[in-house]
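Geometric and topological summary
If you want the building blocks of each chain, they are given just below.
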Amino acid sequence: MKLLFQGGQVVSSGAVQQLDVLVNGEHIEAVAPNLSCPEAQVIDVRGKLLFPGFLDAHTHFDLDVCNTTTADDFYTGTRAALRGGTTTVIDFACPNKGETLSYGLQLWHEKADGKSACDYGFHMTIDDWNETIRSEIPKMLEAGIPTFKMYMTYPAMMIGDQDLFLAMEELHRYGAFAGVHCENAGVIDALIAQKKAAGETGPASHPATRPNALEAEAVGSLLRMAQVAGAPVMIVHLSTKESLEEVHAARARGQTVYVETCPQYLLLDRSLYENPDYSQAARFVCAPSLREEADREALWAALADGTIQTISTDHCSFTLAQKDAGKGDFTKIPGGLPGVETRGILIWSEGVAKGRITASQMCALLSETPAKLYGAYPQKGVIAPGSDADLVVLDPDAQGLLTAADQGANVDYCPYEGLKTSGVITQVYLRGQLAMDGGRLCAGSIGKYVFRSLSK
Ligand code: MN
């Protein structure tokens, strides 16, 4: 079965060009002007943009956390992903302390295999460091997992400086690297104890206990440890202008530092936590917490000048009933926002349509660079002969509306409720198959595990 996409504007990290795209089965066969192929079914995409399917390299589906389980599993989460143009997610496999990486991998395959509507891979969480785990690193590489995750906060997952350092060194020996959640744990705990002692137990205390400086302190600390380890590192969900200064300083020392941010840090303001209605405020609780205008401006500038390499979502969704667990104690609000569904159109509408970044930069941030960094390129991340035929059709002239009433995620709110978008993602193809058409999902659980290799 061949498909010929005619007349669209094909987006790459280097250009936006009017090109035809010929798809043969699951793969792209040709990309050129004025292609003809008599046996192909023609799909007219004049006036539309064609992006390579987006990768979301930061999701948490079917995760047991905060005494509950995320609202989205691999069934609903990957369907939400497809509705927003994301054809590949990389979720965090997360063994508990005391468990092996192999066990964590098996568990995540059980959660995802046969259920996923889009393609998927896993990063492996290292929350323990011992001889068993050290010896499992090459097994993870063989299993298609070249990327890892570590936490500098959260008691259940934080690893401590000594083990963080040893793990960075060991990963680097294989050419692998980790993404790290950077927040200072000890001072956050002290601030939380002060808020509780003062009886300030509502959601407004959440951002007050996680100030900008405590992200930047951890970023600076991580980057100094990475300097001694001689290892590259990825900072996930970077949210503050102060952390960017730490990144610039490390790069000036000659270090390799990758940076990810997320739409919520580009678009939402910390004043949302001050809403006196508990539910209205609690729904935005996530870590790092939402920041202020100056941070958002610095992050957009850092996207435009190349300081930040990728935009993922940290999709970690809970229903409003689940968020109610923190009434009377803000530290019990399960932390995380839905996002896998809205990232593509938000970055288009708020980023490209408003002139903050170009379409090619969006392609690099959402598709090409994550595919390269995370070892899925050129299978993913580019519209080129031989690549998977993962295609996002975006109509730049249509208008959309973000609302909980029209979303695929298993959540009863949308963080961007009522936001009108310039542009709409109208169709999504996964390996040559129409997977989403006008918001309707049409392909079932066809997602495959993406076997990734070390990035080059
Ligand atoms: Mn996360």
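Residues numbered from 1 in each chain as written. Predicted model: local features only at pLDDT ≥ 70, side-chain atom pairs only at ≥ 80, totals over all residues. Heavy atoms only, no water.

**Regarding the pattern of salt bridges**
Counted only if it meets this: What makes a salt bridge here is a side-chain nitrogen of Lys or Arg within 4 Å of a carboxyl oxygen of Asp or Glu, nothing more. By definition, any uninterrupted DSSP run of H or I lasting at least four residues is a helix, any uninterrupted run of E lasting at least two residues is a strand, and each is numbered from the N terminus. Using a 1.4 Å probe on the protein chains alone, a residue whose accessible area is under 20% of its type maximum counts as buried, one over 50% counts as exposed, and one in between counts as partly exposed.
Tallying each qualifying case throughout the model produces 28 salt bridges. Linking glutamate 26 and lysine 448 is a salt bridge whose minimum nitrogen-to-oxygen distance equals 3.3 Å. Of this pair, glutamate 26 sits in the loop between β4 (20–24) and β5 (27–32) while lysine 448 sits in the segment after β21 (440–441), placing them 422 residues apart in sequence. Residue lysine 448 is classed as partly exposed on the basis of its relative accessible area, which comes to 41%. Residue lysine 354 is joined to glutamate 350 by a salt bridge in which the shortest nitrogen-to-oxygen separation is 2.9 Å. Since its relative accessible area comes to 52%, lysine 354 is described here as exposed. Look at the salt bridges and you will find they share partners, linking Glu26, Asp119, Lys380, Asp388, Asp390, Arg431 and Lys448 into a network.

**What to know about the sheet that holds β5**
Applicable threshold: Here, any two strands with at least 2 DSSP bridges between them count as paired. Angles run from 0 to 180 degrees between N-to-C directions of axes, and those axes are lines fitted to C-alpha atoms, restricted for helices to the stretch in contact.
As summarised here, the arrangement of the four strands in space is β5-β4-β1-β6, forming an open sheet in which the pairing is mixed. With one partner strand each, in any of the chains shown, β5 and β6 (41–44) form the two edges of the open sheet. Averaged over all pairs of adjacent strands, the angle between their axes in this sheet comes to 20°, without regard to strand direction. Summarising the sheet, β4 and β5 pair through five bridges and their orientation is antiparallel. Pairing of valine 21 across the sheet is with valine 31, part of β5.

**Some points on the domain arrangement of the chain**
Heads up, the rule is: For the purposes of this description, domain bounds are those given by an automatic or database domain assignment. Note: buried area is the sum, over both parts, of the accessible area (probe 1.4 Å) each one loses when the two are combined. Identification of polar contacts relies on pairs of N or O atoms within 3.5 Å, with a donor-acceptor requirement for protein atoms, meaning one able to donate a hydrogen and the other able to accept it, and with residues adjacent in sequence counted only if both atoms are side-chain atoms. Put simply, Ala, Val, Leu, Ile, Met, Phe, Trp, Tyr, Cys and Pro go in the nonpolar bin, Asp, Glu, Lys and Arg in the charged bin, and everything else, Gly too, in the polar bin.
Under the domain assignment, the chain is made up of domain 1 (2–51 + 382–441) and domain 2 (53–373). Computed over C-alpha atoms, the centres of domain 1 and domain 2 are 27 Å apart. Of the roughly 3,400 Å² buried where domain 1 meets domain 2, counting both sides, 66% is carbon and sulfur surface. The partner of arginine 83 in a salt bridge is aspartate 406, and the shortest N-O contact between them spans 3.0 Å. At the boundary of domain 1 with domain 2, the tally comes to 17 residue pairs in polar contact (both at pLDDT 80 or more). Put simply, the parts of the chain that give the side of domain 1 that touches domain 2 at least two residues each are β7 (49–52), β18 (391–402), β19 (419–430) and β20 (433–437). Sort the elements by how many residues they give to the side of domain 1 that touches domain 2 and β19 lands first, with ten residues. Split into classes, the residues belonging to the side of domain 1 that touches domain 2 amount to 24 nonpolar, ten polar and six charged.

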